[in-house]
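Topology and contacts: notes
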Amino acid sequence: MPYGQPYGEPLQQHQPLGPGPQTPYPPYPHPQPGYGYAPPPPALRPGIIPLRPLGLGDILDGTIKLIRSNPKAVLGLSAVAALLASVPVAIGQAFVLDMMGGALADPETAYTSADDGLTSVYGVAAQYGGMLVSYLVQFVVVTLLTGVLTRILGRAVFGGTITAGEAWQLVKGRVPALFGVVALMAVIMLVPLVVMVLLIVVIAMNVSSGAAGVVLGLTFLFMIAYLAYYLFFTTRFAFASPIVVLEGRGAIEAMRRSWHLVTGDFWRVLGILLLTSLLVGLVAGVLSVPFTLAGTLFGMFGAGSVATTVVSTVLIALGGTLGSMLTYPFQAGVAGLLYADRRMRSEAFDLVLQTAAIEQQRQGWVHSSADELWHPSNSARP
């Protein structure tokens, strides 16, 4: 009620003070927006990750999405690789368990048998021979699997899918460089270990029997030093395989570039890799332990039966396959996404990815030329 207006009378309109349009009320300005900054728009996400620097949750979620987006190629190839690596170990363990079961069933015969020494040699050969064959198979199969999974990941970042056959056609030219990386890593890891073992043996042979505690202490210190050595170089060269596949570099050049990308963010990369190994190990253990335990019990308490040995071998191989089937793609996915994250942080590579993703969305499909975007010449800050 305007001031001075008698109560009960209709409101009177304000009269204009001069020429111009008449309005019943004086114009009021529109309300102004509140103070502060508007939240940034969400990052573009055409595929398994948002196209911005990634956090731990983004990396783990992106790896799971990689598996779910193309399960036939990812899990199928991983299952084949895991099975090939698990069968030799399972056969060796089943043979050893059969021997142990026979010894438990008839200890006197086991210890007085004339063939006891020969049987022991066979048991050791079966166990360690199976492990050696398994390592050789892993060297070949897991290396090829890592390359194929990395190529699938490179397309999945843009929301595209690719079959295992198409990925292999793109990766097969990079196989020599992949094996070069694995071979160089094996040399880097094994040479110090062999030197340490030889030093411990020499020290143990030249000290008195009462100084066994000194040898044990040195062995413990050597183990701690080797663990630090292993973690350092594993982290530094963690991106070598993705670089070989996605950037098309040679083995030594890929290892140099991996070293450069990790520089400045070493502890974060190490922490994510360790956490991934822990998580994957727990999940793999939950899946594999029941089958491995059942196979062990079958092998020990059903010794002497061919059927029992076969069942034991199948159960142990199945447990190893289930565990490794998730371990291989998860570790490859985390390494690939960590590589992409480091490029986005150090080279502004997210701007390149966003520009390409917008163009692909405009076209309505992901072209195979997206694979070429991973070349370092496309980085915003080379």
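Provided above is the structure to which this section pertains.
We now turn to the structure provided with this report. (Residues numbered from 1 in each chain as written. Predicted model: local features only at pLDDT ≥ 70, side-chain atom pairs only at ≥ 80, totals over all residues. Heavy atoms only, no water.)

1. Let's talk about the packing of aromatic side chains
Any aromatic ring pair is given by two values, namely how distant the centres are and how the planes are angled relative to each other. We apply this condition: Stacked, edge-to-face and tilted are the three classes for Phe, Tyr and Trp ring pairs, Trp counted by its six-membered ring, which pair at centre distances within 6.5 Å; planes under 30 degrees apart are stacked, over 60 edge-to-face, the rest tilted. Numbering of helices and strands starts at the N terminus; helices are DSSP runs of H or I of at least 4 residues and strands are runs of E of at least 2. Using a 1.4 Å probe on the protein chains alone, a residue whose accessible area is under 20% of its type maximum counts as buried, one over 50% counts as exposed, and one in between counts as partly exposed.
The tally for this structure, following the rule as stated, stands at 13 aromatic pairs. Taken together, a centroid distance of 5.1 Å and an interplanar angle of 90° make the contact between Phe232 and Phe233 edge-to-face. Plain terms: the ring middles of Phe349 and Trp374 are 5.4 Å apart, the flat faces sit at 45° to each other, and that makes the pair tilted. Taken together, the positions of Phe349 in helix H12 (residues 349-363) and Trp374 in the segment after H12 put the pair 25 residues apart, joining distant regions of the chain. A relative accessible area of 0% means that Phe349 is categorised as buried. Judged by its relative accessible area of 0%, Trp374 is buried. Taken together, the aromatic side chains of Tyr226, Tyr229, Phe232, Phe233, Phe237, Trp259, Phe266 and Trp267 make up a single cluster linked through ring pairs.

2. Some thoughts on the packing of helix H6 (residues 175-205) against helix H8 (residues 240-247)
This is how the line gets drawn: To obtain an axis, a line is fitted to C-alpha atoms, over the contacting stretch when the element is a helix, and the angle between two such axes runs from 0 to 180 degrees between their N-to-C directions. Reported orientations rely on four angle classes, namely roughly parallel under 35 degrees, roughly antiparallel over 145, roughly perpendicular from 65 to 115, and oblique for the rest. Here is the rule for handedness: rotate from the far helix to the near one, and if that takes an anticlockwise turn smaller than a right angle the crossing is left-handed, while a clockwise turn gives right-handed. Residue contacts follow a heavy-atom distance rule, with two residues in contact if any of their heavy atoms lie within 4.5 Å. Classes in brief: Ala, Val, Leu, Ile, Met, Phe, Trp, Tyr, Cys and Pro nonpolar; Asp, Glu, Lys and Arg charged; the others, Gly included, polar.
Here H6 crosses H8 at 165°, and the two axes come no closer than 10 Å. Here H6 is positioned roughly antiparallel relative to H8, judged by the angle of their axes. Considering only the axes of H6 and H8, their crossing is right-handed. Side by side, H6 and H8 meet where Ala177, Leu178 and Val181 of the first sit next to Ala240, Ser241, Val244 and Val245 of the second. Of the residues assigned to the contact of H6 with H8, the class counts are six nonpolar, one polar and no charged.

3. A look at the nonpolar core
Quick note on the threshold: Take the buried residues of types Ala, Val, Leu, Ile, Met, Phe, Trp, Tyr and Cys, join any two whose side-chain atoms come within 4.5 Å, and each joined set is a nonpolar core.
Counting residues in hydrophobic clusters, the biggest one holds 70 residues, and the most contacted among them are Ile152, Phe239, Val334, Leu338 and Trp374. By residue number, the principal contributor to this core is helix H11 (residues 306-347), which donates nine residues. Dropping the residues within four chain positions of it, Trp374 is found in contact with Gly154, Val157, Phe158, Leu246, Glu247, Tyr339, Ala340, Arg343 and Phe349.

4. Examining the packing of H8 against helix H9 (residues 251-262)
The N-to-C vectors of H8 and H9 enclose an angle of 115°; their axes lie 8 Å apart at closest approach. Considering how the two elements wind past one another, H8 and H9 form a crossing that is right-handed. Residues Ala240, Ile243, Val244 and Glu247 of H8 touch H9, and the partners they reach there are Ala254, Met255, Arg257, Ser258 and Leu261. Counted by class, the contact of H8 with H9 contains six nonpolar, one polar and two charged residues.

5. Describing the environment of Phe298
With respect to the helices, strands and loops of the structure, Phe298 is situated in helix H10 (residues 266-301). Residue class for Phe298 comes out partly exposed when judged on its relative accessible area of 41%. Between the alpha carbons of Phe298 and Thr309 there is a distance of 7.6 Å; along the sequence they are 11 residues apart. Beyond its immediate sequence surroundings of up to four residues, Phe298 is in contact with Thr308, Val311, Ser312 and Leu315.

6. Some points on the side chain of Ser258
Mapped onto the elements, Ser258 comes out in helix H9. Aside from chain neighbours lying at most four places away, what touches Ser258 is Arg236, Phe237, Ala238, Phe239, Ala240 and Ile243.

7. Topic: unusual backbone geometry
For Ala348, which is not glycine, the phi dihedral falls at a positive 55°. Locating Ala348 in the fold gives a position in the loop between H11 and H12.

8. A short note on the side chain of Thr143
Note on placement: Thr143 falls in helix H4 (residues 116-156). The class of Thr143 is buried, set by a relative accessible area of 7%. Setting aside residues up to four positions removed in sequence, Thr143 forms contacts with Gln138, Leu178, Phe179 and Val182.

9. Comments concerning the environment of Asp341
Of note, Asp341 is situated in helix H11. A relative accessible area of 0% places Asp341 in the buried class. Taking the C-alpha atoms as reference, Asp341 lies 5.4 Å from Pro53; in sequence the two are 288 residues apart.

10. A short note on helix H7 (residues 212-236)
The condition is simple: Expected span of a helix, by definition, is 1.5 Å for each gap between consecutive residues, and there is one gap fewer than residues.
In this model H7 runs 36 Å from its N-terminal to its C-terminal C-alpha over 25 residues, within 8% of the 36 Å that 1.5 Å per residue would give. When we look at burial in H7, the residues that qualify are Val215, Tyr226, Phe233, Thr235 and Arg236.

11. A short note on H6
Taking 1.5 Å of rise per residue, 31 residues should cover 45 Å, and H6 covers 44 Å from first to last C-alpha, within 8% of that figure. Within H6, burial applies to Val175, Ala177, Leu178, Val181, Met185, Met189, Pro192, Met196 and Ile200.

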